[in-house]
Amino acid sequence: PPDVEALGRSTWTFLHSLTAAYPTTATPEQQAEMRSFLNLFSRLYPCWVCADDFRAWMNEPGGRNQPRLAGRAEFGHWMCEAHNAVNRKLGKKEFDCRFWEERWRTGWKD
Ligand code: FAD
């Protein structure tokens, strides 16, 4: 349904903007707050199949998809990988995560 798409586009804008505004180096408190936010987000996102799959991706065995919250570079890259996991599932093109910051924070250098 189109509302899942509109909701998705708006939400990715919000989520990547959140990483763009994250501190270069986050304090333990800032990391704990963001961890709580992501856990709640993954339960409350109002597309239930999306939320379930996102939570399953984050909690994949081995812990390789656990949020990386030490600072902006790690968190921005992690969010890009999360978005790519959804892109793959939906058969969309993957985004080159080297460019997440140009897309969502600094603007393209051209
Ligand atoms: P979007 O995927 O919404 O992307 C918006 C813009 O972000 C793109 O135009 C591009 O400029 C940029 N971008 C693309 N990839 C990346 C990346 N990896 N990193 C940084 N920037 C990027 N839809 C479903 O049908 N089923 C689902 O299970 C589902 N799960 C979702 C889970 C979450 C957590 C979210 C937020 C959304 C989910 N969606 C799901 C919605 C889906 O991801 C898209 O938002 C929707 O299909 C619209 O896609 P779009 O092609 O307009 O671009």
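Placed above this text is the structure.
All values reported here derive from a predicted model rather than from experimental measurement.

*Asks:* Quick rundown of the overall build of the chain? Include the residues and the values.
*Replies:* In terms of helices and strands, the chain carries five helices and zero strands. Sequence-ordered secondary structure for the chain, helices as α and strands as β, is α-α-α-α-α. In terms of overall size, the chain behaves like a compact globule, its C-alpha atoms giving a radius of gyration of 14 Å where 110 residues would be expected to give roughly 13 Å. Oriented by its inertia axes, the alpha-carbon framework of the chain measures out at about 40 × 35 × 25 Å. In the chain, which comprises 110 residues, the share counted as buried stands at 35%. Contacts in the chain between residues at least 24 apart in sequence constitute 55% of all its contacts with a sequence separation of at least 6. Here the chain has roughly 7000 Å² of accessible surface; of this, 57% comes from carbon and sulfur atoms. Here the chain contributes 15 positive and 14 negative side-chain charges, whose respective centroids are spaced 2 Å apart.

*Asks:* Please set out the packing of aromatic side chains residue by residue, giving values where relevant.
*Replies:* Within a pair of aromatic rings, the relevant descriptors are the distance that separates the centres and the angle that separates the planes. If you walk through the whole model with that rule in mind, you get seven aromatic pairs. A cation over an aromatic ring shows up here: R103 above the ring of W104, its NZ or CZ 3.9 Å from the ring centre.

*Asks:* Hey, could you go over the site of the ligand for me, with residue numbers and the actual values?
*Replies:* Near the ligand you find 21 residues, and of these R9, H83, K89, R103 and W104 are the closest. A distance of 2.9 Å is found between an oxygen atom of the ligand and a side-chain nitrogen or oxygen belonging to W12. Contact with the protein chains hides 82% of the accessible area of the ligand, taken as 960 Å² for the molecule alone. The set of elements that each furnish at least two residues to the shell around the ligand consists of α1 (2-20), α3 (48-58), α4 (72-89) and α5 (100-106). Of all the elements, α1 adds the most residues to the shell around the ligand, at seven residues. Residues of the shell around the ligand, tallied by class, amount to 10 nonpolar, six polar and five charged.

*Asks:* Quick one: what's the story with the environment of W108, residue by residue and with numbers?
*Replies:* As for its placement among the helices and strands, W108 is situated in the segment after α5. With a relative accessible area of 47%, W108 lands in the partly exposed category. In sequence terms W108 and W78 are 30 residues apart; their C-alpha atoms lie 20 Å from each other. With residues near it in sequence (within four places) discarded, W108 still touches F95, F99, E102 and R103.

*Asks:* Go over the side chain of S42 with me, naming the residues and quoting the values.
*Replies:* Tracing the sequence through the fold places S42 in helix α2 (residues 28-44). Once residues lying within four places of it in the same chain are set aside, the contact partners of S42 are A51, F54, R55 and M58.

*Asks:* Any details on α4? Residues and values, ideally.
*Replies:* Counting along an α-helix, one turn takes 3.6 residues, and residues three or four places apart therefore face a common direction. Taking 1.5 Å per residue as the helical rise, α4 with its 18 residues ought to reach 26 Å, and the 26 Å between its terminal C-alpha atoms agrees with that figure. Within α4, the full set of buried residues consists of R72, F75, G76, W78, M79, C80, A82, H83, N84, A85 and N87. Immediately beyond the C-terminal end of α4, within one or two residues, lies G91, with a positive phi of roughly 75°.

The rules behind the values
Residues numbered from 1 in each chain as written. Predicted model: local features only at pLDDT ≥ 70, side-chain atom pairs only at ≥ 80, totals over all residues. Heavy atoms only, no water. Helix = DSSP H or I, 4+ residues; strand = E, 2+ residues; numbered from the N terminus. Rg over C-alpha atoms; globule rule 2.2 N^0.38 Å. Buried < 20%, exposed > 50% of the residue type's maximum accessible area, 1.4 Å probe, protein only. Contact = heavy atoms within 4.5 Å. Areas by Shrake-Rupley, 256 points an atom, 1.4 Å probe, with all protein chains shown as cover. Lys, Arg positive; Asp, Glu negative; His and termini not counted. Charge placed at Lys NZ, Arg CZ, Asp CG, Glu CD. Phe/Tyr/Trp six-rings, centres within 6.5 Å; stacked < 30°, edge-to-face > 60°. Lys NZ or Arg CZ within 6 Å of the ring centre and 35° of its normal. Near = heavy atom within 4 Å. Polar contact = N/O pair within 3.5 Å; in protein donor to acceptor, adjacent residues only side chain to side chain. Nonpolar A, V, L, I, M, F, W, Y, C, P; charged D, E, K, R; others polar. Expected span 1.5 Å × (residues − 1).

That's the geometry; what it means functionally is another story.
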